[in-house]
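# Observations on the three-dimensional arrangement
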Amino acid sequence: LGNFHRQALFQDHPARLHLVQSILHVFVSIEETGHAVQFEQKFSYRRPMYDVIKYIWTLDDYKKRFAKMAEKAEQQIDSESPPLFLRFINLLINDAIFLLDEGLNYMRTIQEQEGEREGWRDLPAQERTENERQFTHTGQLA
């Protein structure tokens, strides 16, 4: 979004402050769908929301909303049904662990490929090019 539209949506819209609770609700609801979808698929649905959350976190009004939700969650921590904010934090931590694990796996793959790279000189040009392309791609993913 351009700056004008972003400001209109996140700073000037009359219902803007409902966004924090709404986006956290959608974020958590993705996990609670009845579909037998793998974690990676659910993560891919949540991932674009991180950009919105990161942006609104820079705005004081939204930061206050997050803080209110955190306080409410702390007060209701022993509730039978966990508060929305706690469920969000749980998923946030799970996603962070997933990304860390994925990054470490890519780093291991890069390390293995670096050890094999010397031998790529003897490969046919097409195979060598494909190996280099895959090496570069893995590096970008890491």
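You'll find the structure just up there.
Procedures and definitions
In this convention, every chain numbers its residues from 1, walking through the sequence in written order. Predicted model: local features are reported for residues with pLDDT of at least 70 only, side-chain atom pairs are reported and counted for 80 or more only, and whole-chain, interface and lining totals are derived from all residues. Side-chain measures were taken over the full set of non-hydrogen atoms in the model, leaving aside hydrogen atoms and water. What counts as a helix is a DSSP run of H or I of at least four residues, what counts as a strand is a run of E of at least two, and both are numbered from the N terminus. Categorising residues by exposure relies on relative accessible area from a 1.4 Å probe, with only protein chains included: less than 20% of the type maximum marks a residue as buried, more than 50% marks it as exposed, and the intermediate range marks it as partly exposed. The contact definition used throughout considers only heavy atoms, calling two residues in contact when any of these lie within 4.5 Å. The Shrake-Rupley method, run with a 1.4 Å probe sphere, supplies the accessible areas, and residue values consider only the shown protein chains as cover. Nonpolar cores were defined as sets of buried Ala, Val, Leu, Ile, Met, Phe, Trp, Tyr and Cys residues, with membership established by side-chain atoms within 4.5 Å. Aromatic rings from Phe, Tyr and Trp, taking only the six-membered ring of Trp, are treated as a pair when their centres fall within 6.5 Å; an angle between ring planes under 30 degrees marks them as stacked, one over 60 as edge-to-face, and anything in between as tilted. Each ring is checked for a lysine NZ or an arginine CZ that lies within 6 Å of its centre and within 35 degrees of its normal; such an atom marks a charge sitting over the ring. What makes a salt bridge here is a side-chain nitrogen of Lys or Arg within 4 Å of a carboxyl oxygen of Asp or Glu, nothing more. Lines are fitted to the C-alpha atoms to define the axes, a helix being fitted only along its stretch in contact, and any angle between axes, read from their N-to-C directions, falls within 0 to 180 degrees. Reported orientations rely on four angle classes, namely roughly parallel under 35 degrees, roughly antiparallel over 145, roughly perpendicular from 65 to 115, and oblique for the rest. By the convention adopted, Pro, Cys, Tyr, Trp, Phe, Met, Ile, Leu, Val and Ala count as nonpolar, Lys, Arg, Asp and Glu as charged, and the other residues, Gly among them, as polar.

Within the protein one finds six helices and zero strands. Residues classed as buried in the protein amount to 22% of the 142 residues present. The long-range share in the protein, meaning contacts at least 24 apart out of those at least 6 apart in sequence, stands at 60%. Accessible surface computed for the protein: about 10,300 Å², of which carbon and sulfur atoms make up 53%.

This part takes up the nonpolar core. If you look at the biggest cluster of nonpolar residues, it comprises 19 residues, and the most contacted ones within it are Val 20, Leu 24, Ile 53, Phe 66, Phe 85 and Phe 88. Elements that contribute at least two residues to this core include exactly helix H2 (19–31), helix H3 (39–57), helix H4 (60–75) and helix H5 (84–116). Per element, the largest residue contribution to this core is six residues, and it comes from H2. Beyond its immediate chain neighbours, meaning those up to four positions away, Val 20 contacts Ile 56, Tyr 62, Arg 65, Phe 66 and Met 69.

Moving on, we come to the environment of Met 69. Here Met 69 is to be found in helix H4. Judged by relative accessible area, Met 69 falls into the buried class, the value being 15%. Measuring from C-alpha to C-alpha, the distance between Met 69 and Arg 128 comes to 54 Å, with 59 residues separating the pair along the chain. The contacts of Met 69, once residues within four sequence positions are left out, are Val 20, Gln 21, Leu 24, Leu 84 and Phe 85.

Below, the discussion takes up the packing of aromatic side chains. A complete count under the given rule lists nine aromatic pairs for this structure. Between the aromatic rings of Phe 27 and Phe 88, the centroid separation amounts to 5.0 Å while the plane-to-plane angle is 70°, which identifies the pairing as edge-to-face. Highlighted residues: Phe 27 in helix H2 and Phe 88 in helix H5, separated in sequence by 61 residues. Here the guanidinium or amino end of Arg 46 rests over the ring plane of Phe 27, the centre of that ring lying 5.5 Å away.

Moving on, we get to the pattern of salt bridges. Considering all chains together, one arrives at seven salt bridges under this definition. A salt bridge links Glu 31 to Lys 42; the shortest N-O distance between them is 4.0 Å. With a gap of eleven residues between them, Glu 31 in helix H2 and Lys 42 in helix H3 connect regions that are remote in the sequence. Through salt bridges with shared partners, one network takes in Glu 31, Lys 42, Arg 46 and Asp 95.

Closest axis-to-axis distance for the H4/H5 pair is 7 Å, and the angle between their directions is 105°. Judged by the angle between their axes, H4 and H5 are roughly perpendicular. The segment H4 lies against H5, with Phe 66, Met 69, Ala 70 and Ala 73 engaging Leu 84, Phe 85 and Leu 86. Taken together, the residues of the contact of H4 with H5 break down into seven nonpolar, no polar and no charged.

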